[in-house]
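If you want the building blocks of each chain, they are given just below.
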Amino acid sequence: MIRSEDFSPPARPPSFEPRTASDLFEAKAKAHSGSPTALGQGKVIPLSANQDISMIEELGPSLYRIEVPLPESPLKSLNCVFIRGEGLTGRHLLVDNGFNRPECLDSLMTDLRALDVELGRTDFFITHLHADHCGLTADLQVNRDAKVWCSRGDGIYINTLSKDSPRWHEYLSSMACHGLNQQQLNELHDTHPGIIYAIARPIPFTPVRDGDVLEYGPYRLRVCSVPGHTPDQLCLFEPDRHLLFSSDHILGDITPNIQQWPGVEDSLGHYLRSLEKTLTMDADLCVPGHRSMITNVKSRIREIQAHHASRLIDVRRILKEGGPQNAYTVASRMTWSIRAKSWNDFPLPQKWFASGEALAHLEHLAARGEVTTTRRDKQILFQTTRA
């Protein structure tokens, strides 16, 4: 099922086009009575009058995209990927799953029942450590012998920072020297979605690394290491179908948030190198972790590269005009696409993410020798180097 191999792009197979969303309205009803699921042409399916819209989309043979709602999150929903195993005994694969909260679990379980999925035959692939991608893993792994694939680095993070872990205080405190005050950090412990919706318990992950190949159904999935968004994020690439499952490494409608991770030198630098690596993949279609599919993959990568180049220009300007500043202050002066009149109106979790992204750009400039740091009153201040 898994092996490492050299990779060379194969000759193109017949065209692989995603089909329209499958109408599983009747299948959902039958699933509750245990009847087999039948796919048909159709539309988006409402879960109930009180829940967000859920959708199952058939992308190819035995391959489905399942939207899991993320209530109260600006991300709106998560794209899970399900691959059906071959025959009556083949293993299924579910890529990512959702926040550890009842709304996410109920929606995902409804859709898995509609697809007539046996969880006992299902393995799991976790692309990275964020709770919206791994939070339900402990609930879904009903068979303790099921494989839960993950990178070694992000797997350690997930298990270290499971729900109610005391290590969350240490993690949050890493931003105290970058401008967040103690009251904000205390409040974040009770409001940060990564904390309150984290995985329920540590998981015995099976580590995978760059170049490994997983075989599920008719697909041979090459594991690709793309650090940046998280320290050890992974993507899956199906070279025969020219299909990339990018998770949050590449998003179509929004840009991935790049944080400066504790203990990681130049997270943004890692991310930009990972983008260059992804440019070499012959991907015609990209299934991202959130929102719409990407059909012009290389063009979208170049747009994200240009976005960060523009961000760096903005940060240089802020430092030049305002002198030495911490990351929180720099973030407050950057331009953000968020529905808020001013920085003061930002929800606190969004201030956290914005400050982390500002820090990633500041540390990248420092790695390039364009910025230096000084300490003042327990704060790390960044300033441009003199010519």
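A few points on the structure. This one's a predicted model, so the numbers in the text were calculated from it and none came from an experiment. (Residues numbered from 1 in each chain as written. Predicted model: local features only at pLDDT ≥ 70, side-chain atom pairs only at ≥ 80, totals over all residues. Heavy atoms only, no water.)

Right, let's talk about the pattern of salt bridges for a bit. For the structure shown, the criterion picks out 15 salt bridges. Residues Arg 101 and Glu 72 are paired through a salt bridge, measuring 3.8 Å at the closest nitrogen-oxygen approach. Highlighted residues: Arg 101 in the loop between strand S6 (92–95) and helix H2 (102–114) and Glu 72 in the loop between strand S4 (63–69) and strand S5 (77–83), separated in sequence by 29 residues. Using a relative accessible area of 8% as the deciding quantity, one classes Arg 101 as buried. A salt bridge links Arg 317 to Asp 314, with the nearest nitrogen and oxygen atoms 2.6 Å apart. Residue Arg 317 and its partner Asp 314 are located together in helix H10 (residues 297–322), separated by 3 residues, close to a single helical turn. In this structure Arg 317 comes out as partly exposed when scored by relative accessible area, which is 36%. We classify Asp 314 as buried; its relative accessible area is 13%. (Salt bridge = Lys/Arg side-chain N within 4 Å of Asp/Glu carboxyl O. Helix = DSSP H or I, 4+ residues; strand = E, 2+ residues; numbered from the N terminus. Buried < 20%, exposed > 50% of the residue type's maximum accessible area, 1.4 Å probe, protein only.)

Helix length check: helix H12 (residues 348–367) (20 residues) gives 28 Å between terminal C-alpha atoms against 28 Å at 1.5 Å per residue, within 8%. Once H12 ends, the next one or two residues include Gly 369, with phi positive near 80°. (Expected span 1.5 Å × (residues − 1).)

Across the 7 residues that make up strand S11 (residues 219–225), a large majority, 6, are buried. Note: strand S10 (residues 212–216) against S11, 4 bridges, orientation antiparallel. Bridge pairing in S11 links Leu 214 to Leu 221. Between S10 and S11, which pair antiparallel and follow one another directly, the connecting turn spans 2 residues, one of which, Gly 217, has a positive phi of 55°. Note that S11 and strand S12 (residues 234–238) share 4 bridges and pair antiparallel. If you follow Ser 225 over to S12, its bridge partner there is Leu 234. (Pairing = 2+ DSSP bridges.)

Here the phi dihedral of Asp 164 falls at roughly 70°; this positive angle occurs in a residue that is not glycine. Examined against the element boundaries, Asp 164 turns out to sit in the loop between helix H5 (152–160) and helix H6 (167–173). A positive phi angle, close to 55°, is found at Ser 247, a residue other than glycine. With respect to the element layout, Ser 247 can be found in strand S13 (residues 243–247). Overall, Ser 247 belongs to the buried group, its relative accessible area being 5%.

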